[in-house]
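Per-entry structural report
Residues per chain are reported as follows:
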Amino acid sequence: MDLGRRGWSRLVALLGIVAMLCAACRNEVSGQPEPAVIPELTAAESITQSLLNFGEAGTVHYRGTLTSASDEKITFDLTVSNAGEVLGTVTVDDAPGNVLVVNKTLYVKAPAAFWAALRGIGNGQDKGTAIADRWVKLPPVLLGVEFGEMLTPDLVSQNLAKEPVTGGDGALAERPKSTESGLQVIKVPLDLGAMFLAAEPPHGMVKLALSRFGNTDNTRVEDLVAEVADTTGEAGKFYQELAAQAAQLTTAVDALTTVEQGPHRFDACGPESCSLIVEFTNTAKVPVRVHVKANWTGDEAPLGSCEIEVGPVAPGQPGTATCTLATPEWVEFWKRAHSVVGTHPYGASWAPLVLADPPDLSSISGKAQAKPADPKDRKTEGSHYVYSISYADKVWKYGVVGSKYWQDHATGQLRTCLATNRAVCGYSLVTATDNAASAYALEKQLVDAYRSDKGGCPAGQWVSCTR
């Protein structure tokens with residue numbers, strides 16, 4: 001009896017479960033499913049994406065004009081990397097000069113007229129002549145502009161993102177269009193001027209026109225007008241040229257450190273050579289290396305030059321540099337002076353210059369020799385992360401981020417990808433590397449492969465994509 005009851009109880013329980021399952025099966029929802037509405041991109045969202053793309057650039061080329069913090073009118077033609085390295089030219093008072101920024105340090109190579117025009121260089125024209133056509137380590141405050149920081153792509157992106165955007169509602173594509181640098185652009189007004197974005201997506205930066213720009217009073221510039229172009233695809237060439245020019249900085253002059261010049265004399269002048277002996281005292285508070293280059297003349301004609309490096313010389317200590325001229329011109333002058341009756345004056349002009357400490361070029365050399373990172377040897381840790389954003393098995397863009405928070409960076413772009421393509425977007429890591437140049441080289445490789453296969457760049461690509 002008890003067994004029967006227990007068996008019946010189990011059956012009832014099972015039937016009850018079946019009944020509940022069947023009841024659930026009969027539930028129905030009336031009506032038709034409706035797709036979620038995907039809002040159109042606002043102008044602000046498109047501008048934000050454009051600035052984000054700009055900040056990812058490995059190198060950017062700028063060409064334009066500005067007024068420096070020291071009130072110099074400067075024309076510039078520069079390429080600036082996202083690490084703050086700079087390569088190019090500047091012009092002050094019609095005098096051009098070459099510019100390098102290596103390891104956050106500014107170096108300038110320019111003719112005497114450039115240095116004579118630049119405020120803050122001691123001894124005026126004399127100092128300008130002495131350092132003419134030599135690499136000179138120069139504090140940015142003397143030039144009045146910090147190119148290596150002010151124009152770094154990531155910092156430009158961040159600083160422009162802070163500027164309030166004025167005028168214009170709705171989508172960016174609805175705004176008026178004009179032409180700049182041969183491209184159709186949309187002007188985006190800012191409180192301090194305007195930026196000009198390409199009219200076609202992904203709205204890459206084309207030009208900047210700002211009444212004021214910069215982070216510090218000593219290097220905050222005015223009236224900045226610059227054409228802008230992404231050159232990340234040529235980052236390898238940039239680093240190779242930078243490394244080649246930076247190799248000359250072993251004899252760069254320190255513009256602000258000097259020695260006190262003492263007596264000089266000529267010695268051991270004969271048919272083969274003549275020596276100039278220059279005495280000096282190190283008045284600096286640190287040991288210095290001193291370089292003397294003398295340009296010689298005889299009978300008012302050039303006889304060539306000699307140069308010598310001495311040191312390091314301890315603070316407060318005297319030093320001597322012996323510069324010996326042994327040129328064919330000297331030999332001929334000596335013969336003429338001893339065979340032709342008359343007066344045959346000769347002399348030399350020189351200046352003892354303190355040499356800057358040579359920069360560490362290991363990082364630049366590593367970038368100059370970098371090969372594209374290998375996506376098949378996928379790494380998840382490094383200083384730079386190469387990622388992709390895709391939708392419906394199609395790549396929307398490739399990017400490079402110098403931060404371990406690359407996922408947050410990629411996530412912030414999914415809304416733009418979704419609104420642009422009307423499809424769910426996702427991101428993935430291609431690989432990571434500790435060499436920035438390797439990351440950018442891989443990005444270029446991926447974009448080039450996509451272009452070769454599809455006939456154009458990924459739709460969201462600005463970096464490494466020449467349109």
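Counting restarts for each chain, with residues numbered from 1 along the sequence as it is written. The predicted origin of the model limits local features to residues at a pLDDT of at least 70 and limits the giving and counting of side-chain atom pairs to 80 or more, whereas totals for whole chains, interfaces and linings rest on all residues. Side-chain descriptors were evaluated using all non-hydrogen atoms of the structure, hydrogens and water having been removed beforehand.

Our next topic: the overall build of the protein. A count of helical and extended segments in the protein gives 13 helices and 22 strands. Taken over 467 residues, the protein has a buried fraction of 45%. Note on areas: Shrake-Rupley with a 1.4 Å probe; residue coverage comes only from the protein chains shown. Carbon and sulfur atoms make up 52% of the accessible area of the protein, which totals about 23600 Å². Helix and strand assignments come from DSSP, with helices taken as H or I runs of at least 4 residues and strands as E runs of at least 2, each series counted from the N terminus. Burial here depends on accessible area, computed with a 1.4 Å probe over protein chains only, as a share of the maximum for the residue type. Under 20% is buried, over 50% is exposed, and the range in between is partly exposed.

Here we take up the pattern of salt bridges. Between side chains of opposite charge, a pair can form when the charged atoms approach closely. Think of a salt bridge as a Lys or Arg side-chain nitrogen and an Asp or Glu carboxyl oxygen that are within 4 Å of each other. A complete count under the given rule lists twelve salt bridges for this structure. Across the salt bridge formed by Glu-40 and Arg-422, the nearest N and O atoms sit 2.9 Å from each other. Of this pair, Glu-40 sits in the loop between α1 (2–25) and α2 (43–55) while Arg-422 sits in the loop between α12 (414–421) and β22 (425–433), and the two are 382 residues apart along the sequence. Glu-40 gets classed as exposed once you look at its relative accessible area, which sits at 58%. Of the charged contacts in the structure, one is a salt bridge between Arg-265 and Glu-279, with a shortest N-O distance of 3.1 Å. Of the two residues, Arg-265 is situated in strand β13 (residues 260–267) and Glu-279 in strand β14 (residues 274–281); the sequence distance between them amounts to 14 residues.

Attention shifts here to the sheet that holds β22. Paired strands are those between which DSSP finds at least two bridges. Judged by pairing direction, the sheet is antiparallel, and its three strands sit side by side in the order β21-β20-β22 without closing on themselves. The open sheet has two edge strands with one neighbour each: β21 (394–401) and β22. Direction aside, neighbouring strands of the sheet carry axes that sit 20 degrees apart on average. Packed on one face of the sheet, helix α13 (residues 436–454) meets β20 (384–391), β21 and β22 and runs near 165 degrees to β21. To get an axis, fit a line to the C-alpha atoms, keeping to the stretch in contact for a helix; angles then go from 0 to 180 degrees between the N-to-C directions. Any two residues whose heavy atoms approach within 4.5 Å at even a single point are treated as in contact.

Only buried residues count toward a nonpolar core, which is a set of Ala, Val, Leu, Ile, Met, Phe, Trp, Tyr and Cys residues joined through side-chain atoms within 4.5 Å. Counting residues in hydrophobic clusters, the biggest one holds 55 residues, and the most contacted among them are Phe-114, Phe-147, Leu-160 and Met-205. In this structure, Leu-160 is in contact with Leu-51, Leu-190, Met-195, Met-205, Leu-208, Leu-210 and Phe-213, ignoring residues within four places of it in sequence. With 22 residues, the next largest nonpolar core counts Cys-274, Leu-303, Phe-333 and Trp-350 among its residues.

Okay, the state of the cysteines next. Note on terminology: pairs of cysteine sulfur atoms within 2.5 Å are recorded as disulfides. Inspection of the entire model under this criterion finds four disulfides. Bridging Cys-306 to Cys-323, the disulfide has an S-S length of 2.1 Å. Sign of the S-S torsion, about 135 degrees for the bond between Cys-306 and Cys-323, identifies this disulfide as right-handed. On the criterion of sequence distance, the pair formed by Cys-306 in strand β16 (residues 301–313) and Cys-323 in strand β17 (residues 318–325) is long-range, its members being 17 residues apart. Of the two residues, Cys-306 and Cys-323, both sit in the buried class. Note that Cys-417 is cross-linked by a disulfide to Cys-425, the S-S spacing being 2.0 Å.

This part is about the sheet that holds β17. Ordered in space as β13-β14-β17, the three strands form an open sheet in which the pairing is antiparallel. What marks the edges here is a single partner per strand, and that holds for β13 and β17. The average undirected angle you get between the axes of adjacent strands in this sheet is 20 degrees. Bridging between β13 and β14 involves six bridges; their strand directions are antiparallel.

Turning our attention to helix α9 (residues 328–339). Take the residue count of a helix, subtract one, and multiply by 1.5 Å to get its expected span. Between the first and last C-alpha of α9 there are 17 Å, a value that for twelve residues agrees with the 16 Å anticipated at 1.5 Å per step. Regarding α9, the residues found buried are Trp-330, Val-331 and Phe-333. Down the axis of α9, the buried side of the element spans an arc of 165 degrees, and every buried residue falls inside it. Exposed and oriented more than 90 degrees from the buried face of α9 are Pro-328 and Ser-339. What the arc measures is the spread of directions leading from the helix axis to the C-beta atoms.

Turning next to the side chain of His-203. You can see His-203 is positioned in the loop between β9 (193–198) and β10 (205–213). Between N or O atoms, a polar contact is any pair within 3.5 Å; within protein, one atom must be a potential hydrogen donor and the other a potential acceptor, and residues adjacent in sequence are included only when both atoms are from side chains. Within polar-contact distance, the side chain of His-203 engages the backbone oxygen of Ala-199 at 3.4 Å. Leave out the neighbours within four places in its chain, and His-203 touches Ser-46, Ser-50, Leu-172, Leu-197 and Ala-198.

Our focus in this paragraph is the environment of Leu-249. Looking at the secondary structure, you find Leu-249 in the loop between α8 (235–246) and β12 (253–254). Spatially, the C-alpha atom of Leu-249 lies 8.4 Å from that of Ala-356, the residues being 107 residues apart in sequence. Setting aside anything within four residues of it in sequence, one finds Leu-249 in contact with Leu-100, Val-102, Tyr-107, Trp-135, Pro-358 and Pro-359.

Position of Ser-181 among the secondary structure elements: in the loop between β7 (177–180) and β8 (183–190). A sequence separation of 47 residues divides Ser-181 from Val-228, and the C-alpha atoms of the two residues are 9.3 Å apart. Non-local contacts of Ser-181, meaning those with residues more than four positions away in its chain, are made with Val-206 and Glu-227.

Its 19 residues place the ends of α13 27 Å apart at the C-alpha level, agreeing with the 27 Å of an ideal helix rising 1.5 Å per residue. Inspection of α13 places Ala-436, Ala-437, Ser-438, Ala-439, Tyr-440, Leu-442, Glu-443, Leu-446, Val-447 and Tyr-450 among the buried residues, and these make up the whole buried set. If you follow the buried residues of α13, they end up packed against α8, α10 (362–368), β20, β21 and β22. N-cap assignment for α13: the residue whose side-chain oxygen lies 2.9 Å from the backbone N of Ala-437 is Asn-435. Once α13 finishes, Gly-455 follows within two positions and takes phi at roughly 90 degrees, a positive value.

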